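Inside the fold
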Amino acid sequence: MAERILVVEDDRRIRDLLRRSLIFEGYEVDTAEDGETALRCLRESVPDAVILDLMLPGIDGLEVCRRLRKASTVPILILTARDAVSDRVTGLDAGADDYMVKPFALDELLARLRALFRRHRLEATPEVLRYADLTLNPRTRQVFRGEDEIQLTAKEFDLLELFMRHPSQVLTRELIYEHIWNYDFGGESNIIEVYVRYLRAKLEAGGKPRLIQTVRGVGYTLREQSS
């Protein structure tokens, strides 16, 4: 069944563009032109994702975001002309999962939506993950190597979870950026290498064998070393 998206946007031109583009991509789309209409739609039926403008007539987008987040875990993508860092922080603190500034590239918006859906599906299935002697519990955010618990930062945990959900699969740098940092860093950043190094140091403490392998020129994979 196609995901259903609620577009909350008072600019009819942008609202119609998003509706047509999302339908073309295979999504079902509902629209609202103000905060009051959006909240009424949300009370009637919670969609699979919300694209939300902040500068709405009547009840503004921040208030819609806060009320929706109290009632649901539905992914929220803020799409607004407000581009100050303080606006981004306020929007994310209100409960949004992502924040894009107008004018926007449609391809990037669609990619971010896909990333939101993937993350939401992962969070909805918090089964314990196991690979070799490694155990990861998404619900409690605990990691064990054998009997030893490993303390990870939030990003280290997210990165390891991505590897453990795709064991033996080569994950490209681009895929890791999209899932973990959501394009917050440019392609020349070495942030992935830094966090892989952090993870390896913790996972390999005490001389334990390496599990995160480098695939030169491509990315990384979770795989036991061949003897």
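Residues numbered from 1 in each chain as written. Predicted model: local features only at pLDDT ≥ 70, side-chain atom pairs only at ≥ 80, totals over all residues. Heavy atoms only, no water.

Considering the pattern of salt bridges
Rules: Here, a salt bridge means any side-chain nitrogen of Lys or Arg that lies within 4 Å of a carboxyl oxygen of Asp or Glu.
Under the counting rule described, the total for this entry stands at 17 salt bridges. Overlapping salt bridges, with partners in common, bring together Glu-9, Asp-53 and Lys-102 in one network.

Remarks on the UniProt feature "modified residue: 4-aspartylphosphate" (unreviewed entry) in the chain
As a reminder of what qualifies: UniProt positions are given in the numbering used here, feature names are shortened, and annotations may be inferred rather than shown by experiment. Each helix corresponds to a stretch of at least 4 residues labelled H or I by DSSP, and each strand to a stretch of at least 2 residues labelled E; elements are numbered beginning at the N terminus. Two residues qualify as a contact provided that any one of their heavy atoms is within 4.5 Å of a heavy atom in the partner residue.
In the numbering adopted here, UniProt assigns the feature "modified residue: 4-aspartylphosphate" (unreviewed entry) to Asp-53. Inspection of the secondary structure assignment puts Asp-53 in the loop between strand 3 (49-52) and helix 3 (61-71). Setting aside residues up to four positions removed in sequence, Asp-53 forms contacts with Val-8, Glu-9, Asp-10, Gly-61, Leu-79, Thr-80 and Lys-102.

So, the pairing of strand 5 (residues 98-101)
Note the following rule: For each residue, the accessible area found with a 1.4 Å probe, counting protein chains only, is set against the maximum for its type, and the residue is called buried under 20%, exposed over 50%, and partly exposed in between. Here a crossover is taken to be right-handed if, once the strands point away from the viewer, the path from the first strand over the helix to the second is traced clockwise.
Both faces of strand 5 are covered, namely the face carrying Asp-98 and Met-100 and the face carrying Tyr-99 and Val-101. After leaving strand 4 (residues 76-80), the chain enters helix 4 (residues 85-93) and then returns to the sheet as strand 5, a path that is right-handed.

Some details on the sheet that holds strand 7 (residues 134-137)
This is how it is decided: Note on pairing: two strands pair once DSSP finds at least 2 bridges between them. To define axes, lines are fitted to C-alpha atoms, for helices over the stretch in contact only, and angles between the resulting N-to-C directions are given on a 0 to 180 degree scale.
On the basis of which strands lie adjacent, the open sheet formed by four strands has the order 6-7-8-9 and antiparallel pairing. Either end of the sheet is taken by a strand with one partner, and the two such strands are strand 6 (129-131) and strand 9 (148-150). For this sheet the average axis-to-axis angle between neighbouring strands, irrespective of direction, equals 20°. Pairing analysis gives three bridges linking strand 6 to strand 7, with the strands arranged antiparallel. By the bridge assignment, Leu-129 is partnered in strand 7 with Leu-136. Relative to the sheet, helix 6 (residues 154-165) contacts strand 6, strand 7 and strand 8 (142-145), its axis offset from that of strand 7 by approximately 115°.

Some remarks on the sheet that holds strand 1 (residues 4-8)
The pairing of strands in a sheet happens through backbone hydrogen bonds and is either parallel or antiparallel. Ordered in space as 2-1-3-4-5, the five strands form an open sheet in which the pairing is parallel. Of all strands in the sheet, those with a lone pairing partner are strand 2 (28-32) and strand 5, marking the two edges. Here the average twist between neighbouring strands, direction ignored, is 20°. As paired strands, strand 4 and strand 5 are joined by four bridges and run parallel to one another. Following the sheet pairing, Leu-79 is matched in strand 5 by Met-100. Those strands touched by helix 1 (residues 12-24) are strand 1, strand 2, strand 3 and strand 4, and its axis lies near 170° from that of strand 2. Each of strand 4 and strand 5 touches helix 4; the most contacted strand, strand 5, lies at about 145° to it.

Observations concerning helix 7 (residues 173-181)
Three- or four-residue spacings in an α-helix give side chains the same orientation, since the helix completes a turn every 3.6 residues. Of all nine residues in helix 7, seven are buried; the element is thus mostly enclosed. For helix 7, every residue scored as buried is listed here: Arg-173, Ile-176, Tyr-177, Glu-178, His-179, Ile-180 and Trp-181.

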